[in-house]
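Residues per chain, in single letters:
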Amino acid sequence: MINIALPKGRLGNKAYKLLEACGYTISELMDESRKLVFRNEESGVQYFLVKPTDVPVYVSYGVADLGVVGKDVLIESDADVYSLMDLGIGKCRMCVAAKEDYVEDKSRPIIVATKFPNIAREYYAKEDREIEVIKLYGSIELAPILGMSDVIVDIVETGTTLKENHLKVFEEIMPLSAQLIANKTNYKFKEKEIREVVAKLGEAIK
Ligand code: PRP
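What comes next concerns the included structure. (Residues numbered from 1 in each chain as written. Predicted model: local features only at pLDDT ≥ 70, side-chain atom pairs only at ≥ 80, totals over all residues. Heavy atoms only, no water.)

## Topic: the site of the ligand
No. 1: Near the ligand you find Lys 115, Gly 138, Ser 139, Glu 141, Asp 154, Ile 155, Val 156, Glu 157, Thr 158, Gly 159, Thr 160 and Thr 161, and these make up its full shell.
No. 2: With respect to the ligand, the backbone of Ser 139 contributes an N or O atom lying 2.8 Å from an oxygen atom.
No. 3: In the complex, the protein chains occlude 66% of the 490 Å² of accessible area that the ligand would expose alone.
No. 4: Secondary structure elements with two or more residues in the shell around the ligand: strand S9 (151-156) and helix H6 (160-164).
No. 5: Tallying contributions element by element places S9 first for the shell around the ligand, with three residues.
No. 6: Across the shell around the ligand, the residue classes tally to two nonpolar, six polar and four charged. (Near = heavy atom within 4 Å. Polar contact = N/O pair within 3.5 Å; in protein donor to acceptor, adjacent residues only side chain to side chain. Areas by Shrake-Rupley, 256 points an atom, 1.4 Å probe, with all protein chains shown as cover. Helix = DSSP H or I, 4+ residues; strand = E, 2+ residues; numbered from the N terminus. Nonpolar A, V, L, I, M, F, W, Y, C, P; charged D, E, K, R; others polar.)

## Examining the side chain of Glu 141
No. 1: One can find Glu 141 in the loop between strand S8 (131-135) and helix H5 (142-145).
No. 2: No salt bridge forms around the buried Glu 141; measuring N to O, its nearest opposite-charge neighbour Lys 115 is 7.6 Å away.
No. 3: Setting aside anything within four residues of it in sequence, one finds Glu 141 in contact with Ile 152, Asp 154, Thr 161, Leu 162, Asn 165 and Leu 167. (Buried < 20%, exposed > 50% of the residue type's maximum accessible area, 1.4 Å probe, protein only. Lys, Arg positive; Asp, Glu negative; His and termini not counted. Salt bridge = Lys/Arg side-chain N within 4 Å of Asp/Glu carboxyl O. Contact = heavy atoms within 4.5 Å.)

## Some words on a nonpolar patch on the surface
No. 1: A contiguous nonpolar surface patch, about 420 Å² in accessible area, is contributed by Val 57, Tyr 58, Tyr 61 and Val 63.
No. 2: Here Val 63 lies in the loop between helix H2 (55-60) and strand S4 (66-70). (Patch = residues over 30% accessible without salt bridge, like charges linked within 9 Å, V, L, I, M, F, W, Y side chains within 5 Å.)

Written as structure tokens, this is what we have:
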């Protein structure tokens, strides 16, 4: 039995479609329900539906052998897991954005609002620029609009949220997409089964 942590929501649905194409089917998973565990003896798979930011936690504790997680969440979590493959879904960019007329004041630290403080700190450390981080959990775009921060470090997918709030991208930090991750110990014990999942996913992505 392979245990897979799937992020609830759009990315999880896309990932499930890929896994379904590989034969790891549990059709009731797509039904509207509050169920969190789905098991299918025949397909040899068990899915856990978890909050996207918790996927690396379930995998690093080994209760899930595999997990599907955005690269943003994975890097931010710093979890000690294997990254097995890029699934080519959930593509977007991690960017620095600010008000369209933003001009940096080099005489003081940049105030950065973000859901990703580790990514923001690492990026600005490389730029040799001092920052002050304001950690937020959503609607990040509000911070510069209200003058609480100078910039945001956030995900940009279509760019619609920025546009509708008169913000623009100033720098691109990295491209992002969904990754298949594995628990390191479980990988040793279930290497054959996990390799099979990876091979089938590789075919399905093609
Ligand atoms: C994410 C991100 C941006 C938005 C970008 O937010 O934080 O706000 O999506 O997408 P776009 O470029 O296609 O407009 P999410 O939808 O996760 O909601 P949140 O504000 O609650 O974080």
